[in-house]
Amino acid sequence: MSNMIDSHPLVGLIAARVRTERDRRRWTLAQLAEASGVSQAMISRIERGESSPTAVVLGKLSAAFRLSVSSLLALAEGATDGAAGEPAGLRRAADAAEWRDPDTGYRRRQITGPHFPTEIVEIRLPVGARVPYPAAAFAFVRQVVWVLDGHLTFHEGDTVHELGTGDTIELGEPAPCVFANDSGSECRYAVVLTRDQRP
């Protein structure tokens with residue numbers, strides 16, 4: 001977790017969304033810390049916008065809320081959905097907010113808006129990056145991972161899948177997962193997900 005304050009507007013939106021989700025459940029900081037495995041101090045810094053959460057921390061928080069990371073970020077981005085003067089539903093590439101993991105440099109861009117029934121996310125995974133998520137982050141969703149460029153080493157529980165450009169994998173039952181780039185160039189992939197049931 002970076003202790004540097006990130007001036008990117010998404011950091012403030014994520015901070016507000018985490019607080020909103022916690023308040024909606026009437027959880028104290030201690031209750032969210034227990035449910036997520038993230039310390040109270042770290043959650044407090046995130047909610048105040050003083051720390052930019054890593055992908056791993058976002059995975060733990062979203063799992064506690066029974067949301068996917070995509071859902072949590074899409075809800076955070078909702079306030080900036082669509083530029084002024086543009087038709088509803090039109091999202092220009094130049095206007096799209098991109099979230100960057102301060103630890104790994106992993107970059108994530110939401111393709112669909114928060115009200116679209118299927119979530120599509122574009123990920124850029126730098127060389128050497130490894131991003132683990134707990135099984136709970138995949139509860140209540142069905143996901144497909146589609147490699148657009150490069151090579152992705154995907155750990156699904158104890159099974160390792162080596163995926164090249166154009167390969168896809170449909171995730172099964174929730175399991176701890178690791179997205180890793182052990183190749184010599186950036187890997188770009190898309191995650192497409194739908195919700196199985198409401199939490």
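Residues numbered from 1 in each chain as written. Predicted model: local features only at pLDDT ≥ 70, side-chain atom pairs only at ≥ 80, totals over all residues. Heavy atoms only, no water.

## Focus on the packing of helix H2 (residues 29–36) against helix H3 (residues 40–47)
It is at 9 Å that the axes of H2 and H3 come closest, and there the two elements cross at 110°. With respect to H3, the element H2 is oriented roughly perpendicular. Our pair here, H2 against H3, has a crossing hand that is right-handed. Mapping the contact onto sequence places Leu-29, Ala-30, Leu-32, Ala-33 and Ser-36 in H2 and Gln-40, Ile-43, Ser-44 and Glu-47 in H3. Of the residues that constitute the contact of H2 with H3, the class distribution is five nonpolar, three polar and one charged. (Axes fitted to C-alpha atoms, helices over the stretch in contact; angles between N-to-C directions. Helix = DSSP H or I, 4+ residues; strand = E, 2+ residues; numbered from the N terminus. Parallel < 35°, antiparallel > 145°, perpendicular 65-115°, else oblique. Left-handed = near helix turned anticlockwise from the far one by under 90°. Contact = heavy atoms within 4.5 Å. Nonpolar A, V, L, I, M, F, W, Y, C, P; charged D, E, K, R; others polar.)

## What to know about the confidence of the model for the chain
Per-residue confidence for the chain gives a mean pLDDT of 84; residues scoring 70 or more make up 87%. Segment residues 1–7: pLDDT under 50, and 22 contacts once partners within four positions in sequence are set aside and those in other chains are kept. (pLDDT = per-residue confidence, 0-100.)

## Things to note about the pattern of salt bridges
This structure, assessed with the given rule, holds 14 salt bridges. In this structure, the salt-bridge partner of Arg-25 is Glu-21, at a minimum N-O distance of 2.6 Å. The partner of Glu-186 in a salt bridge is Arg-107, with the nearest N and O atoms 2.9 Å apart. Here the residue Glu-186 occupies a position in the loop between strand E9 (177–180) and strand E10 (187–195), and Arg-107 occupies one in strand E2 (residues 107–110), the gap between them amounting to 79 residues. Judged by relative accessible area, Arg-107 falls into the partly exposed class, the value being 26%. Three or more residues joined by partner-sharing salt bridges are found here, namely Glu-98, Arg-107, Arg-109, Glu-122, Arg-124, Asp-149, Glu-186 and Arg-188. (Salt bridge = Lys/Arg side-chain N within 4 Å of Asp/Glu carboxyl O. Buried < 20%, exposed > 50% of the residue type's maximum accessible area, 1.4 Å probe, protein only.)

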